[in-house]
Amino acid sequence: MSIIEKERDAIALDVEGKTADFPTGTDLKTILSGRWVPAENSSRPRKSTQYHPVILKLELLGQGLNVSPEATVEIGKTLKVDHAVGAVGKHALDIILDPGKVYVGVPVGTTVSDHLREKTPFTLEVDCGRYYIGKKPARLRDDGRWECLEQKAKAEKIMSVSIPPYPHYYDHKTTRGLPMRSIMPLAGDFGGATIFPHCHYFGRFQDDYKGMECRFCSIDENLESGRDVFPKKPEDFVETVAEARKHPNFRHGPVFAGGSTPPPDRGAKVHAKYLRPLKDAFPDNWLRLTIAPPDDERYIDMLFEAGADLVGFNYEIYDPLLFAKMCPGKVRDIEKGVPGHAHYDRMIRYMVKTFGTGHASANIIAGLEPAQSTVNGITHLASMGVIPTIFVFVPLKGTALEGHHPPSIREMIYIYNRLKEITERFGTDTYCAGCNRMLINTKYYDGLQPTMPAINEDDLRFVGLPPEDLHVPPRIPYVLKLKW
């Protein structure tokens, strides 16, 4: 179900089931004859001597890991514990892969479907107080996933890792007596927050939208999982941020996300009331939020005038028919029943034109459509000057997609390599490295890095993955496992 389209100086063509971007001017006869060969990332690929941290990050996002009993005992004593995150309800265990300091939000916890970790060969181990990722003997299946061959085997140590320390402010309360952990839990290097834990598309505001929720979202199922639900005031966030800024791993926040609210502003007005006091109190604190596109541009102006540094939309799925199938409420409400993202694109173009590149982002979820369709969406978004942020689908209990699988490592390698090339070409790769713990987007952690780390064919051979996945999408059939 690939979408074939022209985008600026590249042409996406489907040749015998293999879709790729060919440089402008490439002879069509050469392409169709099969003599065209993708260029390497460099003229002389380096010889890999260790597991590439980006490859391991993507493997962990797609298949999770098993925490050894010894590591389980230690986590939560002096280290950061997992916490409910945003509208999708993922319980993420934050770890840092020591090479490159790559943050990973590993999908674990009671809301995550059990089959995500089924047959994963990856483990979190502890030895003499030091943590590492282990990998048990495994084979790469036809569906692009690893299958552990010996569950009782000793895991081979493949990478040392760190786990962030327990945030001291979790034990503090606001002046109103509310626990700061619930006001703004630490996620990676930022504080996450939700003003409205309810969503319009679950019928929370209008009864006739009941049953129109996004099929992958568990905000209702996960409403009280790992967090307290109570009205939060702007002063609660100001007090919590003031304390959190003393923590060595905190860099910015809160990052506001959560359920969508009704038109016309779709949450812009209330978020502006919370953003302004935070920006006034901490002018150097970078503030971002994700909401649904409002009905008109004045609400975008309102958010940036209140102090927002970056505004994002949940684009979800690029393929218009799959988007309509999986996000019926958003298509009905935002796009007035027409499959696609016409209104999203109108608001995105306005943001980029008015506030410049680097201040607008759009989230796509890898795994909910064929890999090439995701890549086409990345090209479309980047060509408009918006930052494409590519989440990895996590199946959550109680949702229509609880039986669906995350994307395979083979699909993610292809998406990652194309994401790197496309965003660098259009200049839309400017984002915070620490924020991308659950995203295919990856940069090494010490601040804003100039480029995404390159993966070459030898890196893939070293870990047992097909090197051609860098250049063409793997031949893995897309199977939608929708419960209703």
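Quick note: structure is the one above.
Residues numbered from 1 in each chain as written. Predicted model: local features only at pLDDT ≥ 70, side-chain atom pairs only at ≥ 80, totals over all residues. Heavy atoms only, no water.

Enquirer: Tell me what's going on with the overall build of the protein chain, and back it up with residues and numbers.
Expert: When its secondary structure is counted, the protein chain shows 13 helices and 19 strands. For the protein chain, with 484 residues in total, the buried portion stands at 60%. Counting contacts in the protein chain only where the partners sit at least 6 residues apart, residues at least 24 apart contribute 73% of the total. (Helix = DSSP H or I, 4+ residues; strand = E, 2+ residues; numbered from the N terminus. Buried < 20%, exposed > 50% of the residue type's maximum accessible area, 1.4 Å probe, protein only. Contact = heavy atoms within 4.5 Å.)

Enquirer: Could you give me a rundown of the packing of helix α2 (residues 53-63) against helix α12 (residues 409-426), with the residues and numbers involved?
Expert: Orientation of α2 relative to α12, taken along the N-to-C sense of each, is 130 degrees, at an axis distance of 9 Å. Overall, the two elements α2 and α12 adopt an arrangement that is oblique. Crossing of α2 over α12 shows right-handed handedness. Contacts from V54, I55, L58, E59 and G62 of α2 reach α12 at I409, M412, I413 and Y416. Of the residues contributing to the contact of α2 with α12, the split by class is 7 nonpolar, 1 polar and 1 charged. (Axes fitted to C-alpha atoms, helices over the stretch in contact; angles between N-to-C directions. Parallel < 35°, antiparallel > 145°, perpendicular 65-115°, else oblique. Left-handed = near helix turned anticlockwise from the far one by under 90°. Nonpolar A, V, L, I, M, F, W, Y, C, P; charged D, E, K, R; others polar.)

Enquirer: Could you give me a rundown of the side chain of N441, with the residues and numbers involved?
Expert: Inspection of the secondary structure puts N441 in the loop between α12 and α13 (457-463). The exposure class of N441 is buried, given its relative accessible area of 0%. There is a polar contact of 2.8 Å between the side chain of N441 and the backbone oxygen of P388. One polar contact links the side chain of N441 to the main-chain amide nitrogen of I390, over a distance of 2.8 Å. Every residue in contact with N441, bar those within four places of it in the chain, is listed here: K57, P388, T389, I390, L419, Y431, N436 and M452. (Polar contact = N/O pair within 3.5 Å; in protein donor to acceptor, adjacent residues only side chain to side chain.)

Enquirer: Give me the packing of aromatic side chains: which residues, what numbers.
Expert: Counted under the stated rule, the structure contains 11 aromatic pairs. In this structure an aromatic cluster arises from ring pairing among F313, Y315, F323 and Y344. Over the ring of W146 we find K135; its NZ or CZ atom is 3.6 Å from the centre of that ring. (Phe/Tyr/Trp six-rings, centres within 6.5 Å; stacked < 30°, edge-to-face > 60°. Lys NZ or Arg CZ within 6 Å of the ring centre and 35° of its normal.)

Enquirer: Can you explain the sheet that holds strand β16 (residues 288-290)? Please cite residues and give values.
Expert: Strand order in the open sheet formed by 7 strands is β13-β14-β15-β16-β17-β18-β19, and the pairing between neighbours is mixed. Since the sheet does not close on itself, it has two edges, and those belong to β13 (186-187) and β19 (387-392), each with one partner. By the bridge criterion, 6 bridges tie strand β18 (residues 360-366) to β19 in an arrangement that is parallel. By the bridge assignment for β19, S361 is matched with I387. Along the sheet, helix α10 (residues 342-355) makes contact with β17 (310-316) and β18, crossing β17 at roughly 155 degrees. Packing against the sheet, α12 makes contact with β18 and β19, and its axis sits at approximately 170 degrees to β19. (Pairing = 2+ DSSP bridges.)

Enquirer: I'd like a rundown of helix α7 (residues 298-305), residues and numbers included.
Expert: Buried residues of α7: Y299, I300, L303 and F304, and no others. For α7, the angular spread of buried residues about the axis comes to 140 degrees, placing them on one side. Exposed residues lying more than 90 degrees from the buried face of α7 are R298 and E305. Here the buried face of α7 lies against α6 (268-281), β16, β17 and α10. Just downstream of α7, G307 is the residue with a positive phi angle, here 120 degrees. (Arc of directions from axis to C-beta.)

Enquirer: Can you lay out the pattern of salt bridges for me, pointing to particular residues and giving the numbers?
Expert: Under the criterion given, the structure shown has 23 salt bridges. Across the pair D280 and R276 runs a salt bridge, and its minimum N-O distance is 3.1 Å. In this pair, D280 and R276 are both assigned in helix α6, 4 residues apart and thus about one turn of the helix distant. As a salt-bridge pair, E424 and K420 come within 2.8 Å of each other at their nearest N and O atoms. Placement of both E424 and K420 in helix α12 is noted, with a separation of 4 residues, approximately one turn of the helix. By relative accessible area, E424 is classed as partly exposed at 32%. (Salt bridge = Lys/Arg side-chain N within 4 Å of Asp/Glu carboxyl O.)

Enquirer: Lay out the pairing of β17 in plain terms, naming residues and giving numbers.
Expert: Counting buried residues along β17, 6 of its 7 residues qualify, which places the element largely inside the surrounding structure. Summarising the sheet, β16 and β17 pair through 3 bridges and their orientation is parallel. Looking at β17, one finds that L289 is bridged to V311. Following the chain from β16 across α7 to the adjacent parallel β17, one finds a crossover that is right-handed. Here β17 pairs with β18 via 5 bridges, running parallel. In the strand pairing of β18, F313 is matched with A362. (Right-handed = clockwise from strand over helix to strand, strands pointing away.)

Enquirer: Tell me about the environment of Y414, and please be specific about residues and values.
Expert: For Y414, the location among the structural elements is in helix α12. Residue Y414 is classed as buried on the basis of its relative accessible area, which comes to 0%. Between the C-alpha atom of Y414 and that of E468, which follows or precedes it by 54 residues, the distance is 8.8 Å. Polar side-chain contacts of Y414 include one of 2.4 Å to the side chain of Q372.

Enquirer: Just give me the short version of the nonpolar core, but keep the residues and values in it.
Expert: Within the largest apolar cluster, 120 residues are counted, with the highest numbers of intra-cluster contacts made by L97, L124, I133 and I440. When residues in this core are grouped by element, the largest group, 9 residues, is from α12. For L97, the residues in contact, after removing those within four places along its chain, are P53, L56, K57, L60, V102, V104, I133, M159, S160 and V161. Within the second largest apolar cluster, 5 residues are counted, among which are F190, V255, C432 and C435. (Core = buried A, V, L, I, M, F, W, Y, C linked by side-chain atoms within 4.5 Å.)

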